[in-house]
Amino acid sequence: MMFMKNSVGELRESNKKRNKKVHRCAWLACHSPVKSSELVANSNDGESPDLVFDVLWFMGVNLKVKKTKTYCEKITRNFVCFLYLLGLAYSFSIRMRAFAVENRGTMIITEMLAFICCIFLWISLNMQRMKITNINIHGNGTATGNQMYSMFNNKSSRKQKWINLISLLTICSPVFASAISMLISKAAGEDVSKYLTFLALGFHLNVGSYYKYIILFVLRSYDLCICFVSSQMTCLLFSILSYNVSLRIKETETQLGSNAKDVSVMYSSGKALKSYKRIQKLILDLESAISLPLFYAMAFLLCELFALMSNSIHLVRQSTSLASLSIVLCAILTTGFHAILLIFRVASVEESYQSLIRAFVYLPEDNLNPPYVKELLQMLKLLAFHDQLYVTAWGMFPIRRGFFLTIVGTLATYGVLLVQFT
């Protein structure tokens, strides 16, 4: 008896370590009892999200304070939060000054939308009584369970590498853009005093030419990182959430396929129905958590692309500042990439759910007894076949792949009109 308790305890500890190693969404976990041989919610640390550390967390750099707190973690966390809040105040003051003094307040709208998006995402995720569940496959000692876990473990590790790369590029892209603009300014002999005065809140800094470039690089990198990376981090976080939900749906679909080969049809149908209902609740929780901030994220992406396109056309017509044009082009490419990633990832939730429904409908029902159980399963399959469940932006419109073509067409029309009328 003691040996069985020890083995069960060791199995739970190994499952916890394995899930923490593969899935980094600990604060999306729902605390519920764990049962073997089913698709269940993982019981991990339910710490609330902190948008400052989200991208670093998904990359494996965990700066969150746990029960075993250290002074280094406290100092690092508070220092980064202080720099983030200070950068927000600095960036907003620059845009407010541009709006009030120089009548250039286009970008302040996008920053306000990005900031509202971050706030709503943080509030909506914390308001969920049952967090978005992180569902994993727990092997029940059979070869099928171990094979399924190894298969999804390999897929998840490959996807995690791409997430790490995208996260790293997201964090470093403003610094790269600032460095490229400084090299272009240095090579072209461009006077950078006006940019330095703008970023220094209107104060004229009488410094040497060499120090002028260094100060401008630091201020411009700081400003771009705060006003650009914070918003792109939110879009990237939406994409990662949708990817995790899609992965859980695909795991459930594979589990349904293995249940179809089970000898006990009644038992396998019951497990399939529970798994289907669990995934349905998972998507509903995801919809209620990110629907409103997703609407602001889409509004931010559209406003950002419109503003960047206007600035790029204006700079191309003037042909005076190659450094500013390089920053605008880098922002357009990065914002467009995150828009494509966000739309396609959120749309994949509905596509994976439809494939799950097909797998549920194709479950065998010939050997079900008594007859009323077979009729009940047929009725449930019919309801599932006509079920429509997708992620929307505040209920305004569903996020599907076709929305990307709508954005491209709108931007093309706006660009043509802008060129014609200016």
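Conventions and cut-offs
Residues numbered from 1 in each chain as written. Predicted model: local features only at pLDDT ≥ 70, side-chain atom pairs only at ≥ 80, totals over all residues. Heavy atoms only, no water. UniProt positions renumbered as here; feature names shortened; annotations may be inferred. Helix = DSSP H or I, 4+ residues; strand = E, 2+ residues; numbered from the N terminus. Disulfide = S-S within 2.5 Å. Buried < 20%, exposed > 50% of the residue type's maximum accessible area, 1.4 Å probe, protein only. Expected span 1.5 Å × (residues − 1). Arc of directions from axis to C-beta. Patch = residues over 30% accessible without salt bridge, like charges linked within 9 Å, V, L, I, M, F, W, Y side chains within 5 Å. Areas by Shrake-Rupley, 256 points an atom, 1.4 Å probe, with all protein chains shown as cover. Salt bridge = Lys/Arg side-chain N within 4 Å of Asp/Glu carboxyl O. Lys, Arg positive; Asp, Glu negative; His and termini not counted. Contact = heavy atoms within 4.5 Å. Core = buried A, V, L, I, M, F, W, Y, C linked by side-chain atoms within 4.5 Å. Phe/Tyr/Trp six-rings, centres within 6.5 Å; stacked < 30°, edge-to-face > 60°.

(A) Up close: the UniProt feature "transmembrane region" (unreviewed entry) in the protein chain. In the UniProt entry, the feature "transmembrane region" (unreviewed entry) is given for residues 75-94, 106-125, 162-184, 196-215, 222-243, 290-310, 322-344 and 402-421. Its end C-alpha atoms 8 Å apart, residues 196-215 is made of 55% helix and 0% strand. Helix and strand shares over residues 290-310 are 100% and 0% respectively, and the end C-alpha atoms of the span are 30 Å apart.

(B) Examining the state of the cysteines more closely. Taken as a whole and assessed by the stated rule, the structure comprises zero disulfides. You can see Cys-225 has no disulfide; the closest cysteine sulfur is in Cys-172, sitting 8.2 Å from it. Overall, Cys-225 belongs to the partly exposed group, its relative accessible area being 21%.

(C) Up close: helix α11 (residues 402-421). For α11, with 20 residues, the first-to-last C-alpha span of 29 Å sits near the 28 Å given by 1.5 Å per residue. Inspection of α11 places Phe-403, Ile-407, Leu-411, Gly-415 and Leu-418 among the buried residues, and these make up the whole buried set. Summarising the axial view, the buried residues of α11 lie within an arc of 110 degrees, below the 170-degree limit, and thus occupy one face. Projecting away from the buried face of α11 at angles above 90 degrees are the exposed residues Leu-405, Val-416 and Gln-420.

(D) Seen up close, a nonpolar patch on the surface. Taken together, the side chains of Leu-201, Phe-203, Leu-205, Val-207, Tyr-210, Tyr-211, Ile-214 and Val-218 present a nonpolar region at the surface, about 800 Å² in accessible area. If you trace the backbone, Phe-203 turns up in the loop between α6 (193-199) and α7 (209-259).

(E) Summary view of the side chain of Glu-287. Within the fold, Glu-287 resides in helix α8 (residues 265-318). Lacking a salt bridge, the buried Glu-287 has Arg-400 as its closest oppositely charged neighbour, with an N-O distance of 11 Å. Not counting residues up to four positions away in its chain, the partners in contact with Glu-287 are Tyr-390, Val-391 and Thr-392.

(F) The arrangement of the nonpolar core in detail. The biggest cluster of nonpolar side chains holds 49 residues, and the ones touching the most others in it are Leu-342 and Tyr-353. Those elements giving two or more residues to this core turn out to be α4 (106-127), α7, α8, α9 (322-361), α10 (371-385) and α11. Per-element tally for this core: the top contributor is α8, with 17 residues. Beyond its immediate chain neighbours, meaning those up to four positions away, Tyr-353 contacts Ile-249, Tyr-276, Ile-279, Gln-280, Ile-283, Asp-387 and Leu-389. By size, the runner-up hydrophobic cluster in this structure holds eleven residues, among which are Ile-94, Tyr-195, Leu-196 and Leu-216.

(G) Molecular detail of the packing of aromatic side chains. Tallying each qualifying case throughout the model produces ten aromatic pairs. For the ring pair Phe-397 and Phe-403, a centre distance of 4.9 Å and an interplane angle of 25 degrees mean the geometry is stacked. The exposure class assigned to Phe-397 is partly exposed, which follows from its relative accessible area of 24%. Accessibility expressed as a relative area gives 15% for Phe-403, which makes it buried. Through successive ring pairs, a cluster of aromatic residues spans Phe-120, Phe-295, Tyr-296 and Trp-394.

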